[in-house]
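# Coordinate inspection notes
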Amino acid sequence: GEWRLVDTPGLSDSAGRDAEHLRETIALLQGQVRQAHALVLVVNAQQDRMSAALKTAVRVLRACLGRSLWDHLCVVFTKWGWT
């Protein structure tokens, strides 16, 4: 089968463009992708896991994609320390 990967800008943009990036991401998903089997949320484990930007992003995705978001969401933690 065919795979399509959509990489989006990260959260907590230094120029304060999180809302713009979220709008663009949702427009892309709704307009071009139309169907997704998985949504991968990558979180830096060394930072506050539930920052305001992360909470907003999850709320917006949930509002736009509905309850099925939870059936397809995979959270990946990077920079995880074992010490």
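The structure contained in this document is the topic of the report that follows.

## Quick word on the overall build of the protein
For the protein, the helix and strand inventory stands at 3 helices and 2 strands. Moving toward the C terminus, one meets the helices and strands of the protein in the order α-β-α-α-β. Taken over the C-alpha atoms alone, the protein extends approximately 40 × 30 × 25 Å along its principal axes. Within the protein, the proportion of its 83 residues that are buried is 20%. Residue pairs at least 24 apart in sequence account for 71% of intrachain contacts in the protein once pairs closer than 6 positions are excluded. Summed over its atoms, the accessible surface of the protein is roughly 6800 Å², and 53% of this surface lies on carbon and sulfur atoms. Side-chain charges in the protein split into 10 positive and 8 negative, and the spacing between the mean points of these groups amounts to 6 Å.

## Looking at helix α1 (residues 18-33)
Counted at 1.5 Å a residue, the expected span for α1 with its 16 residues is 22 Å, and the 21 Å between its end C-alpha atoms agrees. Among the residues of α1, D18, H21, L22, T25, I26, L29 and V33 are the ones counted as buried. For α1, the buried positions fall inside an angular range of 130° around the axis, keeping them on one side. For α1, exposure combined with an orientation more than 90 degrees from the buried face picks out R23 and Q32. In the core, the buried residues of α1 are packed alongside α2 (52-65). At the exit of α1 stands R34, carrying a positive phi of roughly 65°.

## A few points about the side chain of D18
With respect to the element layout, D18 can be found in helix α1. Summary of buried charges: D18 has no salt-bridge partner, and the nearest side chain of opposite charge, R17, is 7.6 Å away.

## Points about the layout of surface pockets
Here the largest pocket defines a volume of roughly 1500 Å³. Mapped onto the lining of the largest pocket, the elements with two or more residues apiece are α1, β1 (39-44), α2, α3 (69-72) and β2 (73-78). At 7 residues, the largest contribution of residues to the lining of the largest pocket is made by α1. A class-by-class count of the residues in the lining of the largest pocket yields 21 nonpolar, 14 polar and 7 charged.

## With respect to the environment of L29
Mapped onto the elements, L29 comes out in helix α1. Classification of L29 as buried rests on a relative accessible area of 17%. Between the C-alpha atom of L29 and that of L65, which follows or precedes it by 36 residues, the distance is 9.3 Å.

Calculation rules
Residues numbered from 1 in each chain as written. Predicted model: local features only at pLDDT ≥ 70, side-chain atom pairs only at ≥ 80, totals over all residues. Heavy atoms only, no water. Helix = DSSP H or I, 4+ residues; strand = E, 2+ residues; numbered from the N terminus. Buried < 20%, exposed > 50% of the residue type's maximum accessible area, 1.4 Å probe, protein only. Contact = heavy atoms within 4.5 Å. Areas by Shrake-Rupley, 256 points an atom, 1.4 Å probe, with all protein chains shown as cover. Lys, Arg positive; Asp, Glu negative; His and termini not counted. Charge placed at Lys NZ, Arg CZ, Asp CG, Glu CD. Expected span 1.5 Å × (residues − 1). Arc of directions from axis to C-beta. Salt bridge = Lys/Arg side-chain N within 4 Å of Asp/Glu carboxyl O. 1 Å grid on protein atoms, 1.4 Å probe; cavity = no way out; pocket = protein on both sides within 12 Å on 5 of 7 lines; lining within 4 Å. Points joined across faces, edges and corners; volume = space filled by probe spheres on them. Nonpolar A, V, L, I, M, F, W, Y, C, P; charged D, E, K, R; others polar.

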